[in-house]
Amino acid sequence: QYSPDSVAGADGEIDPTEITFPGCSCCSSSCVAPECPCLCRGENYSSSLCLRLAEQQEQHFSRPVFECNSLCQCGDRCQNRLVQRGLQLRLQVFRTERKGWGVRALEPIARGRFVCEYAGEVLGFAEAHRRIQAQTAQDPNYIIAVREHLYDGRVLETFVDPTHIGNVGRFLNHSCEPNLFMVPVRVDSMVPKLALFAAADISAGEELSYDYSGRFHNLPGTSREHKPLEEENRLRKPCYCGSRTCASFLPWDSSLFSTP
């Protein structure tokens, strides 16, 4: 079932459509910092509606991204409303030679531009773990676990499963040298939209990919991925990205496979 936005999972534990953030009272058609409290919470978009990649790379951490929400007084054309507008680019799902389905751009995409959201059912840990345990080695796994490491040591976890309900993001393949990277973007609540941005200028016809492990554009050691034991390799899927730094297998995260 196609859905442009994430929805509450079957467990009903998390509702991504719930509005818990207050809105700004900006009267202008487009908010500006430091007057807008939404912009003051974290990272801002540039005037060209791209994520400010240069500033992110100069820091040892990523500032959170908060967009204006449905309770804000600013207009729909506010430049701090980007991911919530959804897909604006021409993309194509196509059959790859070795990786099954994939997604490619049908138009050039500038570095830092928002491409699409990885949308699906937002699950609690228990339901995500149950679904993973029910999979066989032949089943494709679309469940993604995103972990945000806070300054005080806490870790925020978000689990999204587009297996049965999702959008074009479910067809994106992994690459060890990707041209997209994922950023949690918050609009109405602390439940983030998993937004994919262009990590470099992308040509028309180029396949789109991101690093499933979360290493790309992140500090080392922030992922729970580990080097698996030899017997665990039978559960892993080979990587066909073809990059110079290919790790041979798709990223491995043991947390959802192990017994809690």
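Conventions and cut-offs
- Residues numbered from 1 in each chain as written.
- Predicted model: local features only at pLDDT ≥ 70, side-chain atom pairs only at ≥ 80, totals over all residues.
- Heavy atoms only, no water.
- Pairing = 2+ DSSP bridges.
- Helix = DSSP H or I, 4+ residues; strand = E, 2+ residues; numbered from the N terminus.
- Contact = heavy atoms within 4.5 Å.
- Axes fitted to C-alpha atoms, helices over the stretch in contact; angles between N-to-C directions.
- Phe/Tyr/Trp six-rings, centres within 6.5 Å; stacked < 30°, edge-to-face > 60°.
- Buried < 20%, exposed > 50% of the residue type's maximum accessible area, 1.4 Å probe, protein only.
- Lys NZ or Arg CZ within 6 Å of the ring centre and 35° of its normal.
- Core = buried A, V, L, I, M, F, W, Y, C linked by side-chain atoms within 4.5 Å.

Draft legend 1. Representation of the sheet that holds strand β6 (residues 121-123). One open sheet accounts for four strands, arranged β1-β6-β8-β7; its pairing is mixed. Two strands close off the open sheet at either side, each with one partner strand: β1 (7-8) and β7 (144-149). In this structure, β7 lies alongside strand β8 (residues 155-161), joined through six bridges in antiparallel fashion. What sits directly across from valine 146, in β8, is threonine 158. In the packing of helix α3 (residues 125-134) onto the sheet, contacts are made with β6 and β8, and the angle to β6 comes to roughly 110 degrees.

Draft legend 2. Highlighting the packing of aromatic side chains. Scanning all chains against the criterion turns up six aromatic pairs. Arranged with centres 6.2 Å apart and planes meeting at 35 degrees, the rings of phenylalanine 181 and phenylalanine 197 form a pair that is tilted. Residue phenylalanine 181 is found in strand β10 (residues 180-186), and its partner phenylalanine 197 is found in strand β11 (residues 193-198); the two are separated by 16 residues along the sequence. The exposure class assigned to phenylalanine 181 is buried, which follows from its relative accessible area of 4%. Overall, phenylalanine 197 belongs to the buried group, its relative accessible area being 0%. One aromatic cluster in this structure is built from Phe114, Phe181 and Phe197. For arginine 95, the ring lying beneath its charged end belongs to tryptophan 101, and the centroid distance is 4.9 Å. Against the face of phenylalanine 94 rests arginine 104, its NZ or CZ located 4.1 Å from the ring centre.

Draft legend 3. Highlighting the side chain of serine 175. Considering the arrangement of structural elements, one finds serine 175 in the loop between β9 (173-174) and β10. Non-local contacts of serine 175, meaning those with residues more than four positions away in its chain, are made with Ser209, Tyr210, Asp211 and Cys241.

Draft legend 4. Inspection of the nonpolar core at higher detail. Counting residues in each nonpolar core, the largest one holds 22 residues, and the members touching the most others are Leu91, Ile109, Val115, Tyr118, Leu172, Leu180 and Leu208. Residue contributions to this core peak at three residues, all from β11. Not counting residues up to four positions away in its chain, the partners in contact with valine 115 are Leu87, Leu89, Leu91, Ile109, Leu180, Leu196, Phe197, Ala198 and Leu208. Counting residues in each nonpolar core, the second largest holds twelve residues, with Phe114, Val183, Val185 and Ala195 among its members.

Honestly, it's all geometry; don't read function into it.
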